[in-house]
Amino acid sequence: MSCNTVIIRRPRFREVCGTHLGRVATHTQTVTHGLCLPTDKVKFFIFNIVVFFLFHKINMHLPGSVAFVTGGAQGFGKSFTEALLSKGASVCFCDVQEQKGKDLEKELQEKYGGDKAMFVQCDIRCHEAFSKAFNDALSKFGQIDLMVNNAGIGDETRPKDMLDINLFGAIKGTQLAMDHMSLEKGGKGGVVINVSSGAGLLPVYFFPVYTASKHGVIGYTESWASNPHIKDIGIQFACLCPGFADTAILKVCEATCHHPEEIHDFFKHVGIIPVAEVTQAFMQLVEDDNCNGDLITVKKGVGIKYHKKNGEIRDRFTV
């Protein structure tokens, strides 16, 4: 070759020389089409491809990755933790329920290996305790690639606790993850999935405080996802919004809601979804190589749908 070039083969492209742009390359007799670029441009091209895959494909490689799940001792969090472990990830899960957490940790370590699952007792209302739990996970695993802010309660008689756990817990967890993952702070990027609810998309007069907290989770997550500097940060933000599911929180909601005499007819109307279906939706987000701005809903009789895909509305969620 007379112009110090390298052929990068790509199907469906004519061989165009970067040095002599617009001319069909005559440097090779190969019949495979490709792109011909000077070596300095090749290096720049390869560098950008590497950066692209580091950012867009991080959540496709669950084996070897590390997740942190809040509220992981039961319900959604327990199911999410098991699903991630089954795909080869390591998981640290935290929960305020110490004995349930320890029992689950033992069970998971026996099934997946002692070096794969870790439990930390933590009340996420306390920033110091939450930070310590996150740092304990870093000390054991060396990294965290996926942050799952799942912890939540549904007790309308505890409005401050509900906001502290459901909303501010997700905010604190996201901030901890960003401090560790952000490319701007020397991190390697990652994914944050915040668990909201179908009640975060609509008014629900039975649970006004719960509904407010879940609206807040969506607004917070979408605000980060829409940040025009998101690629500089290197983190993707997505939201999971299940309908009412068969978990412990449902019983508390029933016991503390407004107008309890009407709640059974309401649940009968909207339906109760199984935890397994919510977990399927969760893994759909995790395994998507471009989930930033995604908002997935799960509804009885409708199944899993994208309310938003990469921030664009796809389907309206209705009761």
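Each chain carries its own residue numbering, running from 1 in the direction its sequence is written. Whole-chain, interface and lining totals are the exception, using all residues; otherwise, since this is a predicted model, local features are given only for residues with pLDDT of at least 70 and side-chain atom pairs are given and counted only at 80 or more. Think of the side-chain values as coming from all heavy atoms in the structure, minus any hydrogens and water.

Checked against the element boundaries, Ser 65 lands in the loop between α1 (39-56) and β4 (66-70). Taking relative accessible area as the criterion, Ser 65 reaches 9% and is therefore assigned buried. In terms of polar contacts, Ser 65 uses its side chain to reach the backbone carbonyl oxygen of Leu 62, at 2.7 Å. We count a stretch as a helix when DSSP gives it H or I for four or more residues in a row; a strand needs E for two or more, and each element gets its number in order from the N terminus. Between buried and exposed lies partly exposed: a residue is buried under 20% and exposed over 50% of the maximum accessible area for its type, with that area taken using a 1.4 Å probe on protein chains only. N or O atoms within 3.5 Å of each other form a polar contact, as long as, within protein, one can give a hydrogen and the other can take it, and as long as residues adjacent in sequence are counted only when both atoms are side-chain atoms.

A two-sided burial pattern is seen for strand β7 (residues 146-149), the buried positions comprising Leu 146 and Val 148 on one face and Met 147 and Asn 149 on the other. Bridge count between β4 and β7: three bridges; the pairing is parallel. Across the sheet, residue Ala 67 finds its bridge partner in β7, namely Leu 146. If DSSP finds at least two bridges between two strands, the strands pair. The pairing of β7 with strand β8 (residues 190-195) spans four bridges and is classified as parallel. Bridge pairing in β8 links Val 148 to Ile 193. The β-α-β motif built from β7, the intervening helix α5 (residues 159-181) and the parallel element β8 has right-handed crossover chirality. Assignment of crossover handedness uses the view with strands pointing away from the viewer, where a clockwise path from the first strand over the helix to the second indicates a right-handed crossover.

A word on the pattern of salt bridges. A pair is scored as a salt bridge if a Lys or Arg side-chain nitrogen falls within 4 Å of a carboxyl oxygen belonging to Asp or Glu. Evaluated as defined, the whole model comprises eleven salt bridges. Between Asp 123 and Arg 125 there is a salt bridge; the shortest N-O distance is 2.6 Å. Residue Arg 125 is classed as partly exposed on the basis of its relative accessible area, which comes to 33%. In this structure, Lys 309 engages Asp 294 in a salt bridge whose closest nitrogen and oxygen atoms are separated by 2.7 Å. Separated by 15 residues along the polypeptide, Lys 309 in strand β11 (residues 303-309) and Asp 294 in the loop between α10 (275-286) and β10 (295-299) bring together distant segments of the chain. A single network of salt bridges, built from pairs that share partners, joins Asp 123, Arg 125, Arg 158 and Asp 161.

On to the layout of surface pockets. The pocket and cavity definitions rest on a 1 Å grid over protein atoms only: a 1.4 Å probe that fits but cannot leave marks a cavity, an open set with protein on both sides within 12 Å along at least five of seven lines marks a pocket, and residues lining either have an atom within 4 Å of a point. Grid points are joined across faces, edges and corners, and a volume is the space filled by probe spheres set on the points. Roughly 750 Å³ of internal volume is contained in the largest pocket. What lines the largest pocket is a set of 36 residues, and nearest its centre among them are Gln 74, Ala 151, Gly 152, Ile 153 and Ile 249. Contributions of two or more residues to the lining of the largest pocket are made by α2 (75-86), β5 (90-95), α6 (208-225) and α8 (248-256). Take the lining of the largest pocket: its biggest share by element is five residues, from α8. Under the scheme applied, nonpolar residues are Ala, Val, Leu, Ile, Met, Phe, Trp, Tyr, Cys and Pro; charged residues are Asp, Glu, Lys and Arg; polar residues are all the others, including Gly. Looking at the lining of the largest pocket, its residues break down into 18 nonpolar, twelve polar and six charged.

Another point: α8. Listing the buried residues of α8 in full gives Leu 250, Cys 253 and Thr 256. Projected down its long axis, α8 shows its buried positions confined to an angular sector of 145°, all on one face. Exposed positions of α8 whose direction lies more than 90 degrees from the buried face are Lys 251 and Ala 255. We call two residues in contact whenever any of their non-hydrogen atoms come within 4.5 Å of each other. Against α9 (260-270) lie the buried residues of α8. To obtain the arc, one takes the directions from the helix axis to the C-beta atoms.

Before going further, it helps to examine unusual backbone geometry. Of note in this structure, His 259 is not a glycine but carries a positive phi near 55°. Positionally, His 259 belongs in the loop between α8 and α9. His 259 gets classed as partly exposed once you look at its relative accessible area, which sits at 40%. Here the phi dihedral of Asn 310 falls at roughly 55°; this positive angle occurs in a residue that is not glycine. Counting through the fold element by element, Asn 310 comes out in the loop between β11 and β12 (312-313). Assessed through its relative accessible area of 36%, Asn 310 is described here as partly exposed.

Given the number of residues in a helix, its expected span is that number minus one, multiplied by 1.5 Å. For helix α4 (residues 127-141), spanning 15 residues, the distance from its first C-alpha to its last is 21 Å, which sits close to the expected 21 Å at 1.5 Å a residue. Among the residues of α4, Phe 130, Ser 131, Ala 133, Phe 134, Ala 137 and Phe 141 are the ones counted as buried. Buried residues of α4, viewed axially, fall in a sector of 160°; they line one side. Residues Glu 128, Lys 132 and Ser 139 are exposed on α4 and point more than 90 degrees away from its buried face. Looking at the residues trailing α4, positive phi occurs at Gly 142, about 85°.

Now for the confidence of the model for the protein. Per-residue confidence from the predictor is reported as pLDDT, which spans 0 to 100. Confidence along the protein averages 84 in pLDDT terms, with 80% of residues attaining 70 or more. Throughout residues 1-38 the model reports pLDDT below 50, and contacts reaching past four residues in sequence, or to other chains, amount to 68 contacts. Throughout residues 44-60 the model reports pLDDT below 50, and contacts reaching past four residues in sequence, or to other chains, amount to 30 contacts.

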